[in-house]
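# Notes for the structure review
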Amino acid sequence: MYARVSVRALARSIPSKAIKATPAPLTHSAKAFSTSALSMDSHKKKERVKVHFPGALDSHFSQVLEIREKMEPIDTFRVMDTDGKVLDKALEPEVTEEFATKIYKDMLTLNVMDLILYEAQRQGRISFYMTNAGEEAYIGSAAALDPEDEIFGQYREAGTLLYRGFTLDQFMNQCYSNDMDLGKGRQMPVHYGSKALHFQTISSPLATQLPQASGAAYAIKRSGKKNCVMCYFGEGAASEGDFHAALNIAATTSCPVIFFCRNNGFAISTPANEQYKGDGIASRGVGYGMHTIRVDGNDVWAVYKATQEARKIAVEKHKPVLIEAMTYRVGHHSTSDDSSAYRSKKEVEDWKRHDNPMVRMRKWLESKGWWDEARENEHKSTQRSAVLKSFAAAEKRKKPAVSEMFNDVYDKLTPNLIEQKKELEELIKKFPAHYDTSNYAKEN
Amino acid sequence: MSVSLLKNPRLASTLASASKTLFHQNMAVKNFHTSLKSHYAATNSPPPAEGFLPGVANSKLIKHTHHDALRNPELAGVANGETKKMNTFQAVNDAMSIALATDDTACVFGEDVAFGGVFRCTMGLSEMFGRDRVFNTPLSEQAIAGFGIGMAAMGSTAIAEIQFADYIFPAFDQLVNEAAKYRYRSGGEFNVGGLCIRTPCGAVGHGGHYHSQHPEAHFAHTPGLKVVVPRSPIQAKGLLLASIRDRNPVIFMEPKILYRAAVEMVPVGDYELPLGKAEVLTQGTDLTIVGWGAQLYVLENAIQIAQKKMPGLSVELIDLRSILPWDVETVCNSVNKTGRLLIAHEAPKTQGFAAEIATTVME
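The following paragraphs examine the structure supplied in this document. (Residues numbered from 1 in each chain as written. Chains lettered and ligands numbered in written order. Predicted model: local features only at pLDDT ≥ 70, side-chain atom pairs only at ≥ 80, totals over all residues. Heavy atoms only, no water.)

### Focus on unusual backbone geometry
Applicable threshold: Going along the chain from the N terminus, every DSSP run of H or I of four or more residues is numbered as a helix, and every run of E of two or more is numbered as a strand.
A cis amide bond links Leu324(B) with the next residue in sequence, Pro325(B), at an omega value of -10°. For Pro325(B), the position within the fold is in the loop between β13 (322-324) and α13 (328-338). Look at His198(A): it is not a glycine, yet its phi comes out positive at around 55°. As for its placement among the helices and strands, His198(A) is situated in the loop between α5 (168-175) and β4 (199-200). Phi is positive for Arg321(B), close to 65°, though the residue is something other than glycine.

### Comments concerning the pattern of salt bridges
Residue and element names in this part refer to chain A. Let me state the cut-off plainly: Just to be clear on terms, a salt bridge is a Lys or Arg side-chain nitrogen sitting within 4 Å of an Asp or Glu carboxyl oxygen. Relative accessibility under 20% of the residue-type maximum defines a buried residue, over 50% an exposed one, and the middle range a partly exposed one, all with a 1.4 Å probe and only protein chains included.
Applying the stated rule across the entire model yields 49 salt bridges over all chains. Between Asp83 and Lys363 there is a salt bridge, with its nearest N and O atoms 3.1 Å apart. Of the two residues, Asp83 is situated in the loop between β2 (65-66) and α2 (97-122) and Lys363 in helix α11 (residues 357-367); the sequence distance between them amounts to 280 residues. Classification of Asp83 by relative accessible area gives partly exposed; the value is 46%. Its relative accessible area of 36% is what places Lys363 among the partly exposed residues. In this structure, Glu309 engages Lys312 in a salt bridge whose closest nitrogen and oxygen atoms are separated by 3.2 Å.

### Description of the nonpolar core
To keep things clear, this is the line we draw: Side-chain atoms within 4.5 Å link the members of a nonpolar core, which is a set of buried Ala, Val, Leu, Ile, Met, Phe, Trp, Tyr and Cys residues. These domain limits were set by an automatic method or by a database of domain assignments. Any two residues whose heavy atoms approach within 4.5 Å are treated as being in contact.
Phe233(A), Phe259(A), Leu320(B) and Ile357(B) are the most contacted members of the largest nonpolar core, which totals 86 residues. No other element matches helix α6 (residues 141-153) of chain B, which puts eight residues into this core. Counting residues domain by domain, this core receives three or more from each of domain 1 (66-267) and domain 2 (279-362) of chain B. Apart from residues lying up to four places away in sequence, Phe259(A) is in contact with Leu210(A), Ser214(A), Cys231(A), Phe233(A), Ala246(A), Leu247(A), Ala250(A), Met290(A), Pro320(A), Val321(A), Leu322(A) and Ile323(A). Among the nonpolar cores identified, the runner-up in size contains 73 residues, and Tyr104(A), Phe260(A), Trp301(A) and Val321(A) belong to it.

Listed below in structure tokens is the structure:
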């Protein structure tokens, strides 16, 4: 909302016809003929006087008290319809069979892994899990990145790690917190990270990764490397202060970062209409002075193309871009959630049936002759076996050695930690019955 | 202000009353803190933003001469070099200048740093190193901290400024939940060792609630962070360079009242002072006193007052320098010798950092 008052109107009550309460168009063509910045008493209807205050960008003075409630909603870009048919031939993806099928295969693998690990949690074998159900198309965004583009995720982007080559063993080891976990068993499941794959370790606090992504992008810009940062988050996290902090500083310091919002309609049980009142997250990007795209988040090719274009802007112009991918969270928030408590099972089933990212991609592949039922079954069954194999192997492994508890707090152990470590060792030695370390790897 | 004492109630009350007296306006022994009234009367101008502490200039803890400064064994590396008269903000400026000159990835950023900073700590840096390396950020501490973490996560050196320690709290989540835990939670895959947060702290007299805080206790409770508080220009330069180069995120709290008040002959070369190591300022046998930052000058004065009342009183004064990790060994060795410990700090007594020191020594 935005209100401006003319000088004359201050002296008396504002005549109602001078107040405009209807939505204004997003683009506004204005030509300022007057060079006098101080002239506010303009009788010439065509003359637009520019505002020169240091805080103004391109504003012009007006005698109309405009109370704007909304801008024109931003359109949602899509390439395919829900049947996987490309709507505009000009947008037909120019990709190889290998490239396209890899994306779909990874979506399938992710799906299979999610189902098995979700069940594992239900059986008490791992402590916690989060699925990607309904949002698998975000893998299309990973496909548009360079392998050295740094990823800062939230927690529902394991598919990007999978796409980059994180192995099933590596996923399982983290979920089981065993001695092979890259994270050394310290975090809850799904808090993956990999330096080799340029995927920053996930942390539970929401949106903290956003300003970090801005800083990381600034470092990349200074290094001269032709890379960008890809930062994922949900529409709920976009309410956090860190979101605003991040976009603002990315814009002012001109960082090559793509902020990718997965707007899946829910933040645990909180629906989007209780999360924000404006036109989604995309409308905020323009407010921060950055390039903004809204896409159909269930459309692999739309997500792919949007990321491609965003990446070009980020890498070539060193400017941040906001992408809002509209999608639907089919699964529960996590294994600690039962979404039937706040939405009908029918609503979920309807989404699965009418707008399914996997189905859309599969149908597109089949239309190209690059996929069929046989390949589907074959891939699903081999991946299922592979997941179960990794899973069984991970389950058998021990947890990291107890002494790992004290490492990496600092680069080197500090005196207080050395003392605390010694104290624990003595305690374990003195009361072995109370401190069973048989499930932990041996000390080096 | 917190005063913890372990033995000898008579000594306790003497020192306690001496310390309290210092914060009242008129004192018989040396006007250590000049009252606002007398400042106005003397100069006809308002007090400077960073406060006014003329007593520091008379302190024996300050190294007034070239030789005095270089006698310090910790400065052996620059013992043959030049020294230059610098106050604390100039010393801090010098440290950052050296950091920027010796590390291509280093950047300095925060609110108002580009024109030189509200306390002049960043004077000349953006002109010398460029606006891409020394730049202003929007007014958001969480942005500053998060941005710094991101830079450091990519292996760069990020020297972030939080304009007043009182305003560090919007960045608390980023510092405690992210920076401190970055290395640990990633199993060592990533770290933000290149991050250093500098922030002016401490009372100036007129600062009120929000320009006077000394929040070391809030951060001391966060493993993974280091917290450092310098007492003088020589210390500030060496400790800041060490903090910037240390491979862990460090919060460097600069007592703002010392920016102008403390002036020393500071080595112009590149030198570091050790983190995690306290410094024994005066050797003694009757009592160990531990403090940090500007409080050391208050303690010095308190000791002088006490020595007038108890001739022959021998006090071992220790500057802790690092709050986290803190030098347990030096303090305990001293207390083993003297048998008595007194700690004083600006921050509130209840659950202040003195409690940690007192408990550890007791254990």
